[in-house]
Amino acid sequence: MKGKILNRSTRLIFALVIFIALAFVGGALFIVDETKQVVITQFGKPVGNSITSAGLHFKMPFIQEAHYFEKRLLGWDGEPNQIPTKDKKYIWVDTAARWKIVDALKFLQSMGNELNANSRLNDIINSATRDAVTGHLLVEAVRDSNRILESKELGEDAIVSEEALERIDIGRQKLTRSILERSKVLAPQYGIEIMDVRIKRINYVEEVRKKVYDRMIAERKRAAEKYRSEGHGKSAEIEGQRGKELKLITSEAYRQAQAIVGKADAEAISIYGKAYSKDPEFYSFLKTLETYKNTVDANSTLILTTDSDYYRYIKGIE
Amino acid sequence: MENMDWRNISTPEDIINLGKKKLSGFRKHIIWAILAFFVLIGLKGVIYSIGPDEVGVIQRFGKYIRLTSPGLHTKLPFGIEKVTPIKVEKIFKEEFGMGGVQNRGYAYGNHADESLMLTGDLNILDVRWIVQFKIKDPIKLLFVIRNPQNVIRDVSEIVMRRLVGDYSVDEVLTIKREEIDRLAQVEMQKILDDYQTGVQVITVKLLDVNPPDKVKPAFNEVNEAKQEKEKMINQAWEAYNKAIPKAKGEAERTIREAEGYNLDKINRAKGEAERFSVTLSEYKNAPEITQKRLYLETFNEVLPKVKEKYIIDPKQSSILPLLDLGRKGGEKQ
């Protein structure tokens, strides 16, 4: 009754599944992912070429062993190194590299695993970096072109030290490339290829940094002073101009006014002269009468003689 | 043996027999349970879904087979086929210089130092920026590079520091920021394409760019000094603009006044000359009468003002007030 449930075909499928599972476990079948490559060893000795195509593969179970390695582009980022430049500036240089295992067999034989590879890369790349940096000026490691010299938009507060303004032939890119070239040479023997090395960071060492800060501060202070004194100078200039123009305006006005007044006076005199010269005697007579009108007041004492004209006139009226 | 129950157990063999009996009843169920278990696992490995912003990368026994689009799909189970969903629409963001992100144990372990970099004029700036990117080729992303986030971060730092190293402090602080953004995006894309990462750099953007803390006050001082200069010059011009027009106005006024005087004086002169001429012609016509008239007019005006008036006869030798016209206000004789 119980045994009849497991009929023949079910039994067969079951057995197949178990068999395949066992094959995997035993190591006859193995999967190679797109990201991996495999070296087969038999009793420690490599067999055949490394397997780089992805998919299902066969090997002898138990006797042969599959070693997996990365097929992808890998990264290496070393510890920053303190290196002096040719002009004795101490800087931290942090490089980063991209590399690949191109010959898994050689890799297995020479390094065995990525940990060893990383330490080997440390040696190779760090020494290449050190050689390159010590052989060049700081400017050459920082700048890439001479663009900064051409673009004199450095601004009016330019803080530029002399050394920064040196014309360079080897710039950052060329320097980096030389590190790459140097590093590439030693790589093939380990079954790897160093695809790229670049400078990730450059920073001053603590003491140098302090000095640079001081320089920056001093330069800025100098620029600030310059602005202030320019302000003083210009405003004094404007003030002077103001004073000068004021003087000009008022003196000019005065001159003109005087001229006008003078002209007026002269013309008036001429008018009077022309008029009165027609009969000077009569004029002086009128004038005398006017004088009486103007000078005699309540406090005056008038003395008339009997032969004065007035008396005569009065007499004549009667 | 049939009516065995636990009270009657006396030997170990009895226990084993009891156990066997109980198990044989379950045997049927166990096999069904195992089969059901496997079916469930299989189903779980067969049906999968891909989100609307994703694609699915299908590998069979590790080998790349195909891409699947969003929706519900089936695949072979039990590790035969593997699906990796990749977000191809999402815009990812990486931040730099924000401190503490990748402290790699520098000897000068201050986090803030990670954002410091050297400029082209060999000075130091504190630079923070972000990168936005998208996955444009999921196959490359999965199979060509390991740890894409590291690659993107490294390349971004490499590029930004190289660029900043070619510009001056002031350029990076102010006018060249957009240029640097643009160049950084182009260069990053080029390197990432060379590496075949399958990543598309959408933007690179500089955020805060500052002089290092220690130096900031000096930089601020420069800005203040610039403003001071402006202020001083403005004030000077203000004073100028107040004074000059006013002076010009005054100058105008002075001249107008002079002109007014001019007019006044000449008109007066003309008037008086005219009056004289008229009087003169009148006089010429009747000299005696005119003279008398004028004389009398004058004294008529003058005498009343005077309090003390005396008329003296010169033929008399002493002075006597013969006619006192003054006291009694007498104009009459």
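Residues numbered from 1 in each chain as written. Chains lettered and ligands numbered in written order. Predicted model: local features only at pLDDT ≥ 70, side-chain atom pairs only at ≥ 80, totals over all residues. Heavy atoms only, no water.

A short note on the overall build of chain A
Quick reminder of the rule: Numbering of helices and strands starts at the N terminus; helices are DSSP runs of H or I of at least 4 residues and strands are runs of E of at least 2. Only protein chains enter the accessibility calculation, which uses a 1.4 Å probe; a residue is then buried when its area is under 20% of its type maximum, exposed when over 50%, and partly exposed in between. Only the protein chains shown count as cover for residues, and all accessible areas are computed by the Shrake-Rupley method using a 1.4 Å probe.
Each helix and strand in chain A was counted, giving nine helices and ten strands. Expressed as a percentage of its 318 residues, the buried residues of chain A come to 43%. For chain A, the exposed surface amounts to about 17,600 Å²; the carbon and sulfur share of it is 57%.

A few points about the overall build of chain B
For the record, the criterion: We call two residues in contact when some of their heavy atoms are within 4.5 Å.
For chain B, the count of helices and strands is seven helices and ten strands. Every one of the 333 residues in chain B was classed for burial, and the buried ones make up 39%. Relative to all contacts within chain B whose residues are 6 or more apart in sequence, the contacts with residues 24 or more apart total 64%. Carbon and sulfur atoms make up 55% of the accessible area of chain B, which totals about 19,500 Å².

Some remarks on the interface of chain A and chain B
Operational definition: Summed over both partners, the accessible surface that disappears when two parts come together, traced with a 1.4 Å probe, is what is meant by buried area. Any carboxyl oxygen of Asp or Glu that lies within 4 Å of a side-chain nitrogen of Lys or Arg is treated as forming a salt bridge with it. Two N or O atoms count as a polar contact when they lie within 3.5 Å, although within protein this holds only if one can serve as hydrogen donor and the other as acceptor, and sequence-adjacent residues are included solely when both atoms are side-chain atoms.
Taken together, the contact between chain A and chain B spans 120 residues of the former and 115 residues of the latter. Around 11,500 Å² of area is buried between chain A and chain B when both sides are counted, 65% of it from carbon and sulfur atoms. Our enumeration of links across chain A and chain B arrives at 14 salt bridges. The salt bridge involving R228 of chain A is made with E228 of chain B; its shortest N-O contact spans 3.6 Å. Counting every contact that joins chain A to chain B gives 31 residue pairs in polar contact (both at pLDDT 80 or more). Looking at the side of chain A that touches chain B, the element that brings in the most residues is helix α7 (residues 206–276) of chain A, giving 38 residues.

Observations regarding the sheet that holds strand β2 (residues 54–60) of chain B
Sheets are built from strands paired through backbone hydrogen bonds, the pairs being either parallel or antiparallel. Residues and elements named next belong to chain B. Rule in force here: When DSSP locates at least two bridges between a pair of strands, those strands are taken to pair. Comment: axis = line fitted to C-alpha atoms, over the contacting stretch for helices; angle = value between 0 and 180 degrees taken between N-to-C directions.
Within the open sheet, the three strands sit side by side as β3-β2-β5. Their pairing is antiparallel. The open sheet has two edge strands with one neighbour each: β3 (63–68) and β5 (81–87). Neighbour-to-neighbour, the strand axes of this sheet turn through a mean angle of 25 degrees, independent of strand direction. Both β2 and β3 contribute to a ladder of five bridges, which runs antiparallel. Across the sheet, residue V57 finds its bridge partner in β3, namely L67.

Details of the side chain of R147 of chain A
Secondary-structure assignment places R147 of chain A in helix α5 (residues 147–150). A distance of 3.0 Å separates a polar atom in the side chain of R147 of chain A from a polar atom in the side chain of E171 of chain B. For R147 of chain A, the residues in contact, after removing those within four places along its chain, are D166, Y167, E171 and K176 of chain B.

A word on helix α8 (residues 280–295) of chain A
Short version of the rule: How far a helix is expected to stretch is found by multiplying one less than its residue total by 1.5 Å. Relevant arc is that of directions from the helix axis to the C-beta atoms, nothing else.
With 16 residues, α8 of chain A ought to run about 22 Å at 1.5 Å a step, and its terminal C-alpha atoms sit 22 Å apart, in line with that. Among the residues of α8 of chain A, F282, F285, L286 and L289 of chain A are the ones counted as buried. End-on, the buried residues of α8 of chain A take up no more than an arc of 95 degrees, which puts them together on one face. Exposed and oriented more than 90 degrees from the buried face of α8 of chain A are P280, E281, N294 and T295 of chain A. The inward-facing, buried residues of α8 of chain A abut α6 (216–285) and α7 (287–302) of chain B.

Here we look at the environment of T254 of chain B
Structurally, the position occupied by T254 of chain B is in helix α6. T254 of chain B gets classed as partly exposed once you look at its relative accessible area, which sits at 32%. Here T254 of chain B is in contact with A253 and A257 of chain A, once residues within four sequence places are set aside.

Remarks on the pairing of strand β8 (residues 124–135) of chain B
All names here are of chain B. Of all twelve residues in β8, nine are buried, a share of seventy percent or more. Note: strand β6 (residues 92–96) against β8, five bridges, orientation antiparallel. Bridge pairing in β8 links F92 to F133. Taking the residues between adjacent antiparallel strands as the criterion, strand β7 (residues 116–118) and β8 are bridged by five residues, where L122 takes a positive phi near 60 degrees. With nine bridges connecting them, β8 and strand β9 (residues 199–210) associate as antiparallel partners. Its bridge partner lying in β9, F133 is registered against V201.

Regarding the packing of α7 of chain A against α6 of chain B
Geometrically, a packed helix pair is captured by the angle between its two axes and the distance between the axes. Here is the rule we go by: Under this scheme an angle from 65 to 115 degrees is roughly perpendicular, one under 35 degrees roughly parallel, and one over 145 degrees roughly antiparallel; angles in between are oblique. Classification convention: Asp, Glu, Lys, Arg as charged; Ala, Val, Leu, Ile, Met, Phe, Trp, Tyr, Cys, Pro as nonpolar; all other residues, Gly among them, as polar.
Where α7 of chain A meets α6 of chain B, the axes come as close as 9 Å, and the angle between the chain directions of the two elements is 0 degrees. Compared by their axis directions, α7 of chain A and α6 of chain B come out roughly parallel. Considered class by class, the residues forming the contact of α7 of chain A with α6 of chain B number 39 nonpolar, seven polar and 19 charged.

Some thoughts on the confidence of the model for chain B
Residue and element names in this part refer to chain B. Rule in force here: pLDDT is defined as a per-residue confidence score from the predictor, taking values between 0 and 100.
The share of residues in chain B with pLDDT of 70 or more is 83%, and the mean pLDDT across the chain is 83. Ranking the elements of chain B by mean pLDDT puts strand β10 (residues 308–312) last with 67 and helix α5 (residues 177–194) first with 95. Confidence drops under pLDDT 50 across residues 100–112; counting only partners more than four residues distant or on other chains, this segment forms 28 contacts. Between residues 328–333, whose pLDDT stays under 50, and residues either more than four places distant or in other chains, the model counts four contacts.

Regarding the sheet that holds strand β5 (residues 64–70) of chain A
Residues and elements named next belong to chain A. Spatially, the three strands line up as an open sheet ordered β3-β2-β5, and their pairing is antiparallel. Of all the strands in the sheet, the pair left with one neighbour each is β3 (45–51) and β5. The sheet shows a mean angle of 25 degrees between the axes of neighbouring strands, direction not considered. Taken together, the seven bridges between strand β2 (residues 36–42) and β5 define a ladder with antiparallel strand orientation. Paired with K36 across the two strands is E70, which belongs to β5.

Brief notes about the environment of S183 of chain A
All names here are of chain A. Tracing the chain through its elements places S183 in helix α6 (residues 172–186). For the pair S183 and V38, spaced 145 residues apart in the sequence, the C-alpha separation amounts to 26 Å. Ignoring any residue separated from it by four or fewer positions in sequence, one finds S183 in contact with I124, I125, A128, I194 and V197. Among the polar contacts listed, one links the side chain of S183 to the backbone oxygen of I179, at a separation of 2.7 Å.

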